Amino acid sequence: MGVTGNEIKWEEIGISNDFLFGRVMQNPKLCEKLLETILEIEIERIEYPEGQKVINLERDAKSVRLDIFVKDEKKSVYDIEMQACSSTELPKRSRYYTAMLDLDMLDKGVRYKELKHSFVIFICTFDAFNKERYCYTFENMCMEEEGLRLNDGTTKIFLNALGRKGNISPGLKAFLGYVAGNKSDDVFVKELDAEVAKVRESKEWRREYMTLLMRDQENIEKGIEQGIEQGIEQGELRQIINMVYKKVKKGKTPEVISDELEEDLRLVRKIYDAIVLKGEDYDCVSVYNMIYGDVETG
């Protein structure tokens, strides 16, 4: 869950907030209805959702925290992610999440042939592919033989709350409009809105939200500080600063630079502000010293 200095207050957050979305989806009937609305299928039952499930198979491996992880009666697995921040990494994140779902099943003794169909679903408040479609569905297809599917049992879906193109059900259109902040007379949307209000009334979940918010803030700042120190030692930070400088000279914003370099926005903003202040007197070491104080760079 990302944190910014202008974090929306608990009383103002809606379904597009990943924490609140995760709590709303702890209602199995709503989670089941959402999957049926997105996939246009019927589900008899689902196992009770695991909010913010963490998959960490090895001590030194990168863990992944899933917003919602559920299974249906056929043991198909679904990872549903609420995504409010645009990122070019989203396609590769979907690849990573799919791999983690498979490894999680295999770690429990499942054989390859027993792997169930997995769905990774991103509900985005933005258009991930800039084609104005409501829905982008990806499955592995043969490039040489038209219509030949790999049938590996993996599906990745990216929903766009700002979409305008594509043939989707009225229910899904109403849901996406709700994610975008619009009211609706749709029965399912009204049920979701009522659950959102119920979640916001919970003092326990409010405390949990604020605790996670502060913890994430501390972890981000600590990670940036540690990354800066390690970067100085390895020469990596100077390379990042110089790359940011080149893009600043081209008139690019911190958000665009962060996206293009795939670097933390907070770090990029600090470097960006220092570069602007230095102006024509720019040099890498002085930019670092402006932000973090004098450090021996070697």
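So, how was this worked out
Residues numbered from 1 in each chain as written. Predicted model: local features only at pLDDT ≥ 70, side-chain atom pairs only at ≥ 80, totals over all residues. Heavy atoms only, no water. Helix = DSSP H or I, 4+ residues; strand = E, 2+ residues; numbered from the N terminus. Buried < 20%, exposed > 50% of the residue type's maximum accessible area, 1.4 Å probe, protein only. Contact = heavy atoms within 4.5 Å. Areas by Shrake-Rupley, 256 points an atom, 1.4 Å probe, with all protein chains shown as cover. Salt bridge = Lys/Arg side-chain N within 4 Å of Asp/Glu carboxyl O. Phe/Tyr/Trp six-rings, centres within 6.5 Å; stacked < 30°, edge-to-face > 60°. Lys NZ or Arg CZ within 6 Å of the ring centre and 35° of its normal. Axes fitted to C-alpha atoms, helices over the stretch in contact; angles between N-to-C directions. Parallel < 35°, antiparallel > 145°, perpendicular 65-115°, else oblique. Left-handed = near helix turned anticlockwise from the far one by under 90°. Core = buried A, V, L, I, M, F, W, Y, C linked by side-chain atoms within 4.5 Å. Nonpolar A, V, L, I, M, F, W, Y, C, P; charged D, E, K, R; others polar. Pairing = 2+ DSSP bridges. Expected span 1.5 Å × (residues − 1). pLDDT = per-residue confidence, 0-100.

Undergrad: Looking at this model, I keep getting lost on the overall build of the protein chain. Mind explaining?
TA: A tally of regular secondary structure across the protein chain gives 10 helices and 6 strands. Put simply, the protein chain has 298 residues, and 41% of those count as buried. Taking as baseline every contact in the protein chain between residues at least 6 positions apart, the subset at least 24 positions apart corresponds to 60%. Working note: accessible area of the protein chain is about 17,600 Å², and carbon and sulfur atoms make up 47% of it.

Undergrad: Explain the pattern of salt bridges here, please?
TA: Oppositely charged side chains may form a pair once their charged atoms are brought near each other. Considering all chains together, one arrives at 9 salt bridges under this definition. For Glu132, the salt bridge identified is with Arg164, shortest N-O distance 3.5 Å. A residue pair is termed long-range when its members are at least 10 positions apart, and Glu132 in the loop between β4 (118–124) and β5 (135–138) and Arg164 in the loop between β6 (154–160) and α4 (170–179) qualify at 32 residues. Assessed through its relative accessible area of 63%, Arg164 is described here as exposed.

Undergrad: What is the right way to look at the packing of aromatic side chains in this model?
TA: Two descriptors summarise a pair of aromatic rings, namely the distance from one centre to the other and the angle between the planes of the rings. Counted according to the given criterion, the structure contains 12 aromatic pairs. Aromatic side chains Phe138 and Phe158 sit 5.7 Å apart centroid to centroid with 85° between the ring planes, which places their arrangement in the edge-to-face category. With Phe138 in strand β5 and Phe158 in strand β6, the pair connects residues that are 20 residues apart, well separated along the chain. Measuring from ring centre to ring centre gives 3.8 Å for Tyr245 and Tyr282, while their planes differ by 5°; the resulting arrangement is stacked. Taken together, the positions of Tyr245 in helix α7 (residues 236–249) and Tyr282 in the loop between α9 (265–278) and α10 (284–292) put the pair 37 residues apart, joining distant regions of the chain. Its guanidinium or amino end placed over the ring of Phe19, Arg23 lies 4.1 Å from that ring's centre, counting from NZ or CZ.

Undergrad: Just checking my understanding: could you explain the packing of helix α8 (residues 254–261) against α9 for this structure?
TA: Packed helices, taken two at a time, are described by the angle their axes make and the gap between the axes. Look at α8 against α9: their axes get within 9 Å of each other, and the N-to-C directions meet at 125°. By the criterion of interaxial angle, the relationship of α8 to α9 is oblique. When you trace α8 past α9, the crossing you get is right-handed. Only Leu265, Val268, Arg269 and Tyr272 of α9 make contact with α8, whose side of the interface consists of Pro254, Glu255, Ile257 and Ser258.

Undergrad: So what exactly am I meant to see when it comes to the nonpolar core here?
TA: Buried together is how nonpolar side chains tend to be arranged in soluble globular proteins. Phe21, Val24, Met25, Ile123 and Phe175 are the most contacted members of the largest nonpolar core, which has 43 residues in total. Core analysis: the next-biggest nonpolar cluster, separate from the first, contains 15 residues, Ile240, Ile241, Leu267 and Tyr282 among them.

Undergrad: Looking at this model, I keep getting lost on the packing of α4 against helix α5 (residues 187–200). Mind explaining?
TA: As a packed pair, α4 and α5 sit with axes 9 Å apart at the nearest point and diverge in direction by 30°. Relative to α5, α4 is oriented roughly parallel. The segment α4 lies against α5, with Ala174, Phe175 and Tyr178 engaging Phe188, Val189, Leu192, Asp193 and Val196. Its residues assigned to classes, the contact of α4 with α5 comprises 7 nonpolar, no polar and 1 charged.

Undergrad: I would appreciate a short explanation of the pairing of β6 in the present structure.
TA: Two faces belong to every sheet, and in a regular strand the side chains alternate between them. Burial analysis of β6 places 7 of its 7 residues in the buried class, which makes it a mostly covered element. Where β4 meets β6, 7 bridges bridge the pair, whose relative direction is parallel. Bridging across to β6, Val120 finds its partner in Lys156. Judged from the 4 bridges that link them, β5 and β6 form a sheet pairing that is antiparallel. Pairing of Thr137 across the sheet is with Ile157, part of β6.

Undergrad: Could you clarify how one ought to interpret α7 in this entry?
TA: Helical geometry note: an α-helix holds 3.6 residues per turn, so side chains three or four residues apart project in the same direction. Compared with the 20 Å implied by 1.5 Å per residue over 14 residues, the 20 Å span of α7 between its first and last C-alpha is a close match. Positioned one or two residues after α7, Gly251 has a phi angle of 85°, which is positive.

Undergrad: I tried to follow the confidence of the model for the protein chain on my own but got confused; where do I start?
TA: Low pLDDT means the predicted coordinates in that region are not meant to be read closely. Confidence in the prediction for the protein chain averages 81 pLDDT; 80% of positions are at 70 or higher. When the criterion is pLDDT under 50, residues 59–63 qualifies, and its contacts beyond four places in sequence or with other chains add up to 6 contacts. When the criterion is pLDDT under 50, residues 294–298 qualifies, and its contacts beyond four places in sequence or with other chains add up to 9 contacts.

Undergrad: Before we go on, may I ask you to explain the environment of Ile271 in this structure?
TA: Mapped onto the elements, Ile271 comes out in helix α9. When its relative accessible area of 2% is taken as the criterion, Ile271 is described as buried. For the pair formed by Ile271 and Met290, sequence separation is 19 residues and the distance between their alpha carbons is 9.2 Å.

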